[in-house]
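Given next are the chains, with one letter for each unit.
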Amino acid sequence: MKVPVKVGGRELTLSNLDKVLYPDFGFTKAEIIDYYSRIAPVLLPHLRGRPLTVKRYPNGVGSQFFFEKNAPDHIPGWVRRARLPVSGSTKNRESIDFAILDDLPSLVYYANLAALELHVPQWRVDEEGKALPPDTLVFDLDPGPPATIVECCQVALILRELLSGEGLTARPKTSGNKGMQLYADWDCREEPSAYAKRLAQLLAKEHPAQIVSVMTRKVRPGKVFIDWSQNNPAKTTVAPYSLRARERPTVSTPLMWEEVEGCERAEDLVFEAQDVLARVEKHGDLFSRA
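Remember, predicted model here, so these are calculated numbers, not experimental data.

Trainee: Whenever I open this one, the packing of helix α3 (residues 149–165) against helix α4 (residues 192–206) confuses me. Can you help?
Mentor: The description of two helices packed together rests on the angle between their axes and the distance between the axes. Where α3 meets α4, the closest approach of the two axes is 11 Å, and the angle between their N-to-C directions is 125°. It follows that α3 is oblique to α4 by the angle criterion. For the pair α3 and α4, the crossing hand works out as right-handed. Contact with α3, carried on its side by Ile-158, Leu-159, Leu-162 and Leu-163, involves Leu-199, Leu-202 and Leu-203 of α4 and no other residues of that element. Its residues assigned to classes, the contact of α3 with α4 shows 7 nonpolar, no polar and no charged.

So, in structure tokens, the structure goes:
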């Protein structure tokens, strides 16, 4: 069944609204579109100007999915796009037409495509679609079992102190999966990946029982891997407030530092779509730069 709607002055056609995309929780496509529509005021500022990569799950989580960087041919002309050079394309393309979600109609359009996860780089494009220097630094904290987000929080506090000494203010969020990320506004003092790598290596040396800075699986059990490589311009990180394609409709959720400091159980920092809407109503955008 197709349903014509008007969103922000744009005509859209929504489809399969009763299709269950999170089968264990009965969470439907209509509920996904509703979540993204309601979270848009705090989500869109973190998407604007950033080339989009999505993970689409047309038959729901647990079924086959695909990454999509190139904007599909059927995308409406009013969705902003930027043609950008790419390296190492699996389809041997020299450039990709990325969608950029600057407004609510564009966000709803992608939600209707079952684009559950929204991933963006640490840089934006200008009005002409030209890539700008990175404006954000990110550290992805990935726990090696049996470590959990509890251990990530401990490492986040260590990293926050180091970044503060560097004149950078860290903002924490959950990944919506098993780990978390720290972001900081970036002033381009040097190449961000090299800078993040150096800090990760320093902490791994100072806290070898807790932290590793290399991806090698055999050294990671029980420790937290500080993934500095997310600052590579070709890489993306899940956006704040994006859903994740887990069994539950969890969300990559901005946190208060008090929550990081007080985390005692992994479940303390698991938030689903309705939880996040309630948090935003109470606290506003915890990930804003203000």
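Trainee: Quick question: what am I supposed to make of the side chain of Asp-227 here?
Mentor: Structurally, Asp-227 can be placed in strand β14 (residues 224–227). Each residue touching Asp-227, except ones within four places of it in the same chain, is listed here: Val-138, Phe-139, Asp-140 and Met-215.

Trainee: Quick question: what am I supposed to make of the pairing of strand β5 (residues 53–56) here?
Mentor: On a regular strand, each side chain points to the face opposite its neighbour's, so the side chains alternate between the two faces of the sheet. Side-chain alternation along β5 places Thr-53 and Lys-55 on one buried face and Val-54 and Arg-56 on a second face that is also buried. Strand direction decides the pairing type here: β5 and strand β9 (residues 115–120), joined by 4 bridges, are antiparallel. Note that in β9 the partner of Arg-56 across the bridge is Ala-115. Summarising the sheet, β5 and strand β6 (residues 66–68) pair through 3 bridges and their orientation is antiparallel. Within β6, the position partnered with Val-54 by the bridge is Glu-68.

Trainee: What am I meant to see in the sheet that holds β9 here?
Mentor: Paired through their backbone hydrogen bonds, the strands of a sheet run either parallel or antiparallel. Here 4 strands make up an open sheet; going across it, the order is β6-β5-β9-β15 and the pairing antiparallel. Either end of the sheet is taken by a strand with one partner, and the two such strands are β6 and β15 (237–238).

Trainee: Got a minute to help me understand the packing of aromatic side chains in this structure?
Mentor: The description of an aromatic ring pair uses the distance of the two centres, along with the angle that the planes make with each other. Across all of its chains, the model carries 8 aromatic pairs by this definition. Look at Tyr-109 and Tyr-110: their rings are 5.9 Å apart centre to centre, the planes differ by 75°, and that puts the pair in the edge-to-face class. Accessibility expressed as a relative area gives 3% for Tyr-110, which makes it buried. Among the aromatic residues, those joined into a ring-pair cluster are Tyr-57, Phe-65 and Phe-67. Over the ring of Trp-257 we find Arg-160; its NZ or CZ atom is 4.4 Å from the centre of that ring. Arg-279 extends its terminal NZ or CZ atom over the ring of Phe-271, reaching a point 4.2 Å from the ring centre.

What counts as what
Residues numbered from 1 in each chain as written. Predicted model: local features only at pLDDT ≥ 70, side-chain atom pairs only at ≥ 80, totals over all residues. Heavy atoms only, no water. Axes fitted to C-alpha atoms, helices over the stretch in contact; angles between N-to-C directions. Helix = DSSP H or I, 4+ residues; strand = E, 2+ residues; numbered from the N terminus. Parallel < 35°, antiparallel > 145°, perpendicular 65-115°, else oblique. Left-handed = near helix turned anticlockwise from the far one by under 90°. Contact = heavy atoms within 4.5 Å. Nonpolar A, V, L, I, M, F, W, Y, C, P; charged D, E, K, R; others polar. Buried < 20%, exposed > 50% of the residue type's maximum accessible area, 1.4 Å probe, protein only. Pairing = 2+ DSSP bridges. Phe/Tyr/Trp six-rings, centres within 6.5 Å; stacked < 30°, edge-to-face > 60°. Lys NZ or Arg CZ within 6 Å of the ring centre and 35° of its normal.

Keep in mind these numbers describe shape, not what the thing actually does.
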